[in-house]
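Here is how the chains run, residue by residue.
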Amino acid sequence: MCGICGIYNIDGQPVRPETVNAMAETMVHRGPDSQGVWVNGPVGLGHRRLSIIDLASGDQPMGTPDGSLQVVFNGEIYNFLELRRELESKGHTFRTKSDTESILHAYREWGADCISHLEGMFAIALWDEHQKRLLLARDRIGKKPLYYMVNGKKIIFGSELKALLAVPGVERELDYQALDAYLSFGYVPSPLSIFKHVRKIPPAHAALHSSKGFTSWRYWQLDFNSRKMAMDEHETVEELSEIFDDSVRRRLISDVPLGAFLSGGVDSSAVVASMAMQNEGHAVKTAAVGFSVKEYNELQFAAKVAEKYGTDHSEFVVEPDALGIMEKLVWHFDEPFADSSAVPTYYVSRMARKKVTVALSGDGGDEAFAGYVKRYAMTAFEDRIRRKIPSLFRASLLGGLAAVYPRWDNMPRPLRLKAFLGNLSRGMEEAYCRDMSFYFLPEDKRKLYRPGLAEKTREADVCQTLVRYFDQYSGPDAVSRAQYVDTMTYLPEDILVKVDRMSMANSLEVRSPILDHRFLEFAASLPSELKLRNGESKYVFKKMNQARLPQDILYRRKQGFSIPLAQWLAGDLREYAREKFFAPGSGLKDFFEPDCVQRLWQRHQEGRENNANQIWALLMFELWREGFATK
């Protein structure tokens, strides 16, 4: 696990080594073990290393003996041993035992198509001196980030946005479309970044700059349309178990101490169970965090799994005063990021790093097996009703009723009649966008924005960010469609960003067996009835783990990895947030209507509304503005 960066001066001007060094030094946390820089005329590559595999000879940048190829990469190639054997049979000679070298030989054998031969998590930059080509690529699911900037004179890239900002002359002009998207989703979706002239390589994409210019393409697609041949439930569980355990096994390769996150939920518990079964005689090192507020605390469930498998277990209780680290978290995210579960993710990473350098996690289980039961079940229920009502009737009558019905945001979703009627009056795509994903609804943003921001975002349509993925999978199965959209958006842009940044803030590598693309492809090929059945989420995955995990772990109510944010914002965090919102130097008033912000704040403090997520999103934006936009 590392940080990469670099510059290619298209106009032929020589790269200054000190500039690449400065870029790499912004990411010491991603690679505290060593720093490497390679500069040759108009090209410079930089690397920060967190040593995991081949500690003695795996330093980067790494080149071929003749110097014609140079590569820097962040992540792990899990099939590098298989690649090595295949490439050696084709006449390639390896000098190291590192997975990095397999990328060089794969490129020499297959060219830019080498990316489709790699299995793992990665962000890669490879320079081809003979063909004067720069290849950039990101892994299939988007575990590893890659920012870039292209203009007529140069290409600049890096694992983090701050690496690009270390280059003199990089503009910090705000991208208002990105800001508008952030206030809806709580994150800035690829390929946008918060700065207008910087973009992100999307997951499963590669880009190439050559004499023909800059081109990009998608090299992999998760397919929910391909269905497995009929198998009975027992056969499905057997095959699922085999693929899952193999995914875990591949992620146990390490030359440094390795452990796991253990939340007490199904996914992380399943990973720990598989690790323990494959490492008999060696206690798995596990880490868990909890809260003093009971409904947010899962430590007792994590402890039960730890006891069953005899793990070397550590616990930490996160208190409100821990939020003194907020400015630090904002610095690591580089962009505004509103998922408050970043706080416990930071602490579980920090705790794990005291014992291990690599940790396995259960990320991806909810998207792969319909774990968001309320979201997916209600979406399917609404879609069944929607299909039975003529579209004209839905738009006119139901839409009219929704417009006049009171808005009760604090009610459980099935009782939110306004939202229910509104969703039925819209197509599935727009309904899903509005009801499942937004921090601020479009009509709320219209009230929130100052005139200048309203004008600059007038043509923005954040729903299209999700709708384009609905269009890619247009089958009749509403649950599968929703899963696909979440796997393409919420998973890589929120969950994986959170885990990458917070683990890297602590120089910890996190690996996710459920996100093995072969495992995801198998899960996608299963009918949704095997994932969501009679209100039970992750049906077949739980069946797979029935003999491995306690029943109260498998079938208890899902809690999610969240914090008591509403209580904190009305208690311990109240004065800190108030100062950021309403002090004379606050920048929020430059973007947002003060009366609207005041109303959100006051109604939350009075207990009339739960506006915690909206307040947190605005607070994170203000902290980001202070740290990045005002430089």
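Now for a quick tour of the structure. Here the structure is a predicted model, which means the values were calculated and not measured.

## Looking at the overall build of the protein
Scanning the protein for helices and strands turns up 27 helices and 17 strands. Here the C-alpha atoms of the protein give a radius of gyration of 24 Å, agreeing with the 25 Å that 2.2 N^0.38 yields for 631 residues. Its C-alpha atoms give the protein principal-axis dimensions of about 70 × 60 × 50 Å. The buried share of the protein, taken over its 631 residues, is 61%. Across the protein, contacts joining residues at least 24 apart in sequence account for 73% of those joining residues at least 6 apart. Total accessible area computed for the protein in this model is approximately 24600 Å², and 50% of it derives from carbon and sulfur atoms.

## Observations regarding the nonpolar core
In a soluble, globular protein the nonpolar side chains are often hidden away together inside. Core analysis: the biggest nonpolar cluster contains 189 residues, and Phe-541 and Phe-592 have the highest contact counts within it. Ranked by residues supplied to this core, first place goes to helix H27 (residues 612-629) with 11 residues. Apart from residues no more than four positions distant in its own chain, Phe-592 is found in contact with Leu-183, Leu-448, Tyr-449, Arg-450, Leu-453, Val-597, Leu-618 and Phe-621. Membership of the second largest hydrophobic core comes to 17 residues, among which are Trp-127, Tyr-148, Ile-155 and Ile-201.

## Some thoughts on the sheet that holds strand E16 (residues 358-360)
Strand order in the open sheet formed by five strands is E15-E14-E13-E16-E17, and the pairing between neighbours is parallel. At either margin of the open sheet sits one strand with a lone partner, and together these are strand E15 (312-318) and strand E17 (509-511). Between one strand axis and the next, the sheet turns by 30 degrees as a mean value, whatever way the strands run. Here seven bridges tie strand E14 (residues 285-291) to E15, and the two strands are oriented parallel to one another. What sits directly across from Val-289, in E15, is Phe-316.

## Quick word on the pairing of strand E12 (residues 213-218)
When strand E11 (residues 205-210) meets E12, the two strands line up antiparallel, connected through six bridges. In the strand pairing of E12, His-209 is matched with Phe-214. Connecting E11 to the next strand, E12, in antiparallel fashion are two residues.

## As for the packing of helix H18 (residues 463-472) against helix H19 (residues 478-488)
For the pair H18 and H19, the least separation of the axes is 9 Å and the interaxial angle reads 130 degrees. Classified by the angle their axes make, H18 and H19 are oblique. For H18 against H19, the interelement crossing comes out right-handed. Contacts between H18 and H19 involve Leu-466, Tyr-469, Phe-470, Asp-471 and Gln-472 from the first element and Arg-481, Ala-482, Tyr-484, Val-485 and Met-488 from the second. Across the contact of H18 with H19, the residue classes tally to seven nonpolar, one polar and two charged.

## A closer look at the packing of helix H25 (residues 574-582) against H27
Their axes nearest at 10 Å, the elements H25 and H27 cross at an angle of 65 degrees. The hand of the H25/H27 crossing is left-handed. Between H25, through Tyr-576, Ala-577, Lys-580 and Phe-581, and H27, the contact on the second element is made entirely by Ile-615, Leu-618, Leu-619, Glu-622, Leu-623 and Glu-626. Counted by class, the contact of H25 with H27 contains seven nonpolar, no polar and three charged residues.

## Focus: unusual backbone geometry
Following Gln-60, the chain continues to Pro-61 via a peptide bond in cis, the omega torsion being -5 degrees. If you trace the backbone, Pro-61 turns up in the loop between strand E3 (43-49) and strand E4 (62-63). For the bond running from Ser-190 to Pro-191, omega is 5 degrees, close enough to zero to count as cis. Structurally, the position occupied by Pro-191 is in the loop between helix H5 (176-185) and strand E10 (199-200). For Lys-132, which is not glycine, the phi torsion reads 50 degrees and is therefore positive. By relative accessible area, which is 40% here, Lys-132 ends up partly exposed. Unusually for a residue other than glycine, Ala-204 sits at a positive phi of about 60 degrees.

## Focus: the pattern of salt bridges
Considering all chains together, one arrives at 46 salt bridges under this definition. Across the pair Arg-533 and Glu-233 runs a salt bridge whose closest N-O atoms are separated by 3.5 Å. Of this pair, Arg-533 sits in the loop between helix H21 (517-524) and helix H22 (539-544) while Glu-233 sits in helix H6 (residues 233-250), and the two are 300 residues apart along the sequence. Overall, Arg-533 belongs to the partly exposed group, its relative accessible area being 29%. Exposure remark for Glu-233: the relative accessible area of 29% places this residue in the partly exposed category. Across the pair Lys-304 and Asp-552 runs a salt bridge whose closest N-O atoms are separated by 2.5 Å. Pair noted here: Lys-304 is in helix H8 (residues 299-308) and Asp-552 is in helix H23 (residues 551-554), with a separation of 248 residues, a long-range link. Lys-304 gets classed as partly exposed once you look at its relative accessible area, which sits at 35%. Judged by relative accessible area, Asp-552 falls into the partly exposed class, the value being 32%. Through salt bridges that share partners, Glu-82, Glu-119, Asp-246, Arg-249, Arg-250, Arg-251, Asp-516 and Arg-518 make up one connected network.

## Focus on the pairing of strand E6 (residues 120-128)
A large share of E6 lies buried, amounting to eight of its nine residues. Of the strand pairs in this sheet, strand E5 (residues 69-77) and E6 are connected by nine bridges, and their pairing is antiparallel. Along E6, the bridge assignment pairs Val-72 with Ala-125. Pairing of E6 with strand E7 (residues 133-138), which is carried by six bridges, proceeds in the antiparallel orientation. Bridging across to E7, Asp-128 finds its partner in Arg-133. Two successive antiparallel strands, E6 and E7, enclose a turn made up of four residues, where Lys-132 displays a positive phi of approximately 50 degrees.

## Some thoughts on the packing of aromatic side chains
Scanning all chains against the criterion turns up 29 aromatic pairs. Centroid distance Tyr-432 to Phe-470: 5.6 Å. Interplanar angle 85 degrees. Geometry classified as edge-to-face. On the criterion of sequence distance, the pair formed by Tyr-432 in helix H15 (residues 428-437) and Phe-470 in helix H18 is long-range, its members being 38 residues apart. Grouping residues by exposure puts Tyr-432 and Phe-470 together as buried. Seen in terms of ring centroids, Phe-591 and Phe-621 are 5.2 Å apart; in terms of plane orientation they differ by 90 degrees. Their pairing is edge-to-face.

## Observations regarding the environment of Glu-593
Relative to the assigned elements, Glu-593 resides in the loop between H25 and helix H26 (594-605). Separated by 144 residues in the primary sequence, Glu-593 and Tyr-449 have C-alpha atoms spaced 5.9 Å apart. Non-local contacts of Glu-593, meaning those with residues more than four positions away in its chain, are made with Lys-447, Leu-448, Tyr-449, Arg-450 and Pro-451.

## Concerning the sheet that holds E6
The sheet built from six strands is open, its strands ordered E4-E5-E6-E7-E11-E12 with antiparallel pairing. The open sheet terminates on both sides in strands that have one partner only, identified here as E4 and E12.

Rules behind the numbers
Residues numbered from 1 in each chain as written. Predicted model: local features only at pLDDT ≥ 70, side-chain atom pairs only at ≥ 80, totals over all residues. Heavy atoms only, no water. Helix = DSSP H or I, 4+ residues; strand = E, 2+ residues; numbered from the N terminus. Rg over C-alpha atoms; globule rule 2.2 N^0.38 Å. Buried < 20%, exposed > 50% of the residue type's maximum accessible area, 1.4 Å probe, protein only. Contact = heavy atoms within 4.5 Å. Areas by Shrake-Rupley, 256 points an atom, 1.4 Å probe, with all protein chains shown as cover. Core = buried A, V, L, I, M, F, W, Y, C linked by side-chain atoms within 4.5 Å. Pairing = 2+ DSSP bridges. Axes fitted to C-alpha atoms, helices over the stretch in contact; angles between N-to-C directions. Parallel < 35°, antiparallel > 145°, perpendicular 65-115°, else oblique. Left-handed = near helix turned anticlockwise from the far one by under 90°. Nonpolar A, V, L, I, M, F, W, Y, C, P; charged D, E, K, R; others polar. Salt bridge = Lys/Arg side-chain N within 4 Å of Asp/Glu carboxyl O. Phe/Tyr/Trp six-rings, centres within 6.5 Å; stacked < 30°, edge-to-face > 60°.

It is worth stressing that arrangement in space is one thing and function is another; only the former is reported here.
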